[in-house]
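A look at the structure
Residue-level listing of the chains:
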Amino acid sequence: MMKSKVARQAVGGLCLLLLLAATGCAQGGGGEVIEFDAVLNGSDVLQSEPSDPIKLVGDEPAQIELTMRNVSGDVTEVRYLRFEGQVLDMIFLTYDTAVSVELGPGESQTLPSVLLDFYDLGGQASGYLRGTISLYDADRVQLGSNEVFLDASGDGFSTLSLFNVLLLAATAAGLAWNLLRLSQRKLPSNSMVRALRFLAVGAGAGLTLAVAFSTLRIWPLDTLMWVLFTVIGAIIGYAVGVVLPGADDEIIDVLDEQDVLDAVVESRVEA
């Protein structure tokens with residue numbers, strides 16, 4: 001009964017994690033002060049798609065053209081432009097540049113092309129990323145933001161690629177250790193402990209696969225999808241851990257306490 005209760009709590013916790021992620025995806029970021037159109041290397045940012053991202057090359061500075069509109073009722077100064085690329089909601093690509101433009105209420109302005117020098121792109125990311133182009137004021141308060149999908153042409157030793165390799169290595173090591181203990185019949189006799197061990201491996205496999213979708217240029221997963229990959233992997237790992245046998249001394253756990261006492265008494269009488 002206790003094990004069943006703990007199992008329900010664990011599954012419930014995983015479902016709650018997925019629900020929170022979905023809620024976070026559904027929540028909006030609030031009203032914007034500055035609306036803008038951006039053209040990056042001749043491609044409209046709003047027209048970029050996961051299947052048709054804008055390509056970034058490290059040895060070629062990118063050009064971005066901005067048309068900004070102040071949709072607030074106050075005079076607003078746009079001081080910075082920030083360019084970010086993300087995987088698993090973690091930033092692997094980031095660049096800032098100064099803008100310094102003041103816009104009155106309802107005023108629009110088109111800026112000359114701004115250069116973004118991705119000189120160290122090769123060391124940051126390689127693959128498909130979900131990105132944002134954001135505008136900030138002098139106090140680093142975000143004034144507006146647009147989503148952009150990117151194809152970063154980094155190298156095999158980029159931070160993102162190495163992160164994917166480390167996730168794969170950690171997951172493989174955890175799986176190999178658990179399988180070794182299984183072959184030796186030395187997995188924990190407690191089914192919950194076994195389940196949690198394989199849960200960690202399953203979650204790691206889900207995360208590794210989610211990052212691989214970006215590094216292998218398959219699809220840049222959004223928050224809900226990579227959390228779903230992780231949760232499904234964790235649930236599968238949990239189920240496998242529950243089903244697999246534990247150590248050989250597990251048999252003593254199913255003996256009734258009175259049977260153990262009777263066996264001890266009997267052995268003493270025979271002696």
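Fair warning: this is a prediction, and the values are worked out from it, not measured in the lab.

Another point: the pattern of salt bridges. Under the counting rule described, the total for this entry stands at eight salt bridges. The salt bridge partner of Glu147 is Arg130, with a shortest N-O separation of 3.3 Å. Highlighted residues: Glu147 in strand β10 (residues 142-152) and Arg130 in strand β9 (residues 127-136), separated in sequence by 17 residues. Residue Glu147 is classed as partly exposed on the basis of its relative accessible area of 43%. Residue Arg217 is joined to Asp151 by a salt bridge in which the shortest nitrogen-to-oxygen separation is 2.8 Å.

A word on the environment of Leu150. By secondary structure assignment, the location of Leu150 is in strand β10. Residue classification places Leu150 among the buried positions, given a relative accessible area of 1%. As a C-alpha pair, Leu150 and Thr132 span 18 residues in sequence and 9.6 Å in three-dimensional space. Leave out the neighbours within four places in its chain, and Leu150 touches Leu40, Pro53, Ile54, Leu56, Phe83, Glu84, Gly85, Leu93, Gly127, Tyr128, Leu129 and Gly131.

Core analysis: the biggest nonpolar cluster contains 45 residues, and Leu40, Ile64, Leu66, Met68, Phe83 and Ile133 have the highest contact counts within it. Here this core gets six residues from one element, more than from any other, and that element is strand β6 (residues 90-103). Contact partners of Ile133, with chain neighbours within four places excluded, come to Phe36, Ala38, Val45, Ile64, Leu81, Arg82, Phe83, Gly144, Ser145, Asn146 and Val148.

Another point: the side chain of Asp151. Note on placement: Asp151 falls in strand β10. Once residues within four sequence positions are removed from consideration, Asp151 is found in contact with Pro53, Ile54, Lys55, Leu56, Gly127, Tyr128 and Arg217.

Before going further, it helps to spend a moment on the sheet that holds β9. Within a sheet, neighbouring strands are paired by backbone hydrogen bonds and run either parallel or antiparallel to one another. With respect to topology, five strands assemble into an open sheet ordered β3-β10-β9-β5-β6, the strand pairing being mixed. Taken across any chain shown, the strands that pair with only one partner, and hence form the sheet edges, are β3 (54-56) and β6. Here the average twist between neighbouring strands, direction ignored, is 30°. Summarising the sheet, strand β5 (residues 76-87) and β9 pair through seven bridges and their orientation is antiparallel. Its bridge partner being in β9, Phe83 is matched across the sheet by Ile133.

In total, this model carries one cavity of 30 Å³ or more according to the counting rule given. Computed from the structure, the largest cavity encloses a volume of approximately 40 Å³. If you trace the largest cavity, you find it lined by Gln86, Val87, Leu88, Ala210, Val211, Ser214, Pro220, Leu221 and Trp226. Every element with two or more residues in the lining of the largest cavity is listed here: β5 and α4 (191-215). At three residues, the largest contribution of residues to the lining of the largest cavity is made by α4. Class assignment of the residues belonging to the lining of the largest cavity gives a composition of seven nonpolar, two polar and no charged.

For the coordinates displayed, the defined rule picks out four aromatic pairs. Ring centres 5.4 Å apart and planes at 55° place the aromatic pair Phe83 and Phe118 in the tilted group. With a gap of 35 residues between them, Phe83 in strand β5 and Phe118 in the loop between β8 (114-116) and α2 (121-124) connect regions that are remote in the sequence. Comparing Phe83 with Phe118 shows no difference in burial state: the two are buried. Members of the aromatic cluster, joined through ring pairs, are Phe83, Tyr95 and Phe118. Lying across the ring of Tyr136, Arg82 places its NZ or CZ 5.3 Å from the centre. Over the ring of Tyr80 we find Arg140, and its NZ or CZ is 3.8 Å from the ring centre.

This prediction gives the chain a mean pLDDT of 84; 80% of its residues lie at or above 70. Overall, residues 249-256 carries pLDDT values under 50, and its contacts beyond four positions in sequence, including any with other chains, amount to six contacts.

Let us look at α4. Look at α4: 36 Å from first C-alpha to last across 25 residues, which is about the 36 Å you get at 1.5 Å a residue. Burial of α4 is extensive: 18 of the 25 residues sit out of reach of the surface. Put simply, Asn190 is the residue that caps the front of α4, since its side-chain oxygen is 2.8 Å from the backbone nitrogen of Met192. In the stretch just after α4, Arg217 is the one whose phi turns positive, near 60°.

Cut-offs and rules
In this convention, every chain numbers its residues from 1, walking through the sequence in written order. Where totals are concerned, whole chains, interfaces and linings use all residues; where local detail is concerned, this predicted model gives features only for residues with pLDDT of at least 70, and gives and counts side-chain atom pairs only at 80 or more. Excluded from the side-chain calculation are hydrogens and water; included are all heavy atoms of the structure. Salt bridge, as applied in this entry: a Lys or Arg side-chain nitrogen positioned within 4 Å of an Asp or Glu carboxyl oxygen. Put simply, DSSP H or I for four residues or longer makes a helix, DSSP E for two residues or longer makes a strand, and each gets a number counted from the N terminus. Each residue's exposure class comes from its accessible area (1.4 Å probe, protein chains only) as a fraction of the maximum for that residue type: buried when under 20%, exposed when over 50%, partly exposed otherwise. We call two residues contacting when some pair of their heavy atoms lies within 4.5 Å. For this analysis, a nonpolar core means a set of buried residues of the types Ala, Val, Leu, Ile, Met, Phe, Trp, Tyr and Cys, connected via side-chain atoms within 4.5 Å. Strands are treated as partners if at least two bridges between them are detected by DSSP. Here the axes come from fitting lines to C-alpha atoms, over the contacting stretch only for helices, and the angles between their N-to-C directions go from 0 to 180 degrees. In this analysis a 1.4 Å probe is tested at points of a 1 Å grid over the protein atoms alone, and where it fits but cannot get out there is a cavity; an open set with protein on both sides within 12 Å along at least five of seven lines is a pocket; lining residues have an atom within 4 Å of a point. Grid points are joined across faces, edges and corners, and a volume is the space filled by probe spheres set on the points. In this count, Pro and Cys sit with the nonpolar residues alongside Ala, Val, Leu, Ile, Met, Phe, Trp and Tyr, while Asp, Glu, Lys and Arg are called charged and the others, Gly among them, polar. Between 30 and 60 degrees the pair is tilted, below 30 it is stacked and above 60 it is edge-to-face, where a pair is any two Phe, Tyr or Trp rings, Trp via its six-membered ring, whose centres lie within 6.5 Å. Here, over-ring charges are defined by two tests on the NZ atom of lysine or the CZ atom of arginine: distance to the ring centre within 6 Å, and angle to the ring normal within 35 degrees. Each residue carries a pLDDT value, the predictor's own confidence for that position, ranging from 0 to 100. Here, expected helix span is obtained from the residue count minus one, scaled by 1.5 Å. N or O atoms within 3.5 Å of each other form a polar contact, as long as, within protein, one can give a hydrogen and the other can take it, and as long as residues adjacent in sequence are counted only when both atoms are side-chain atoms.

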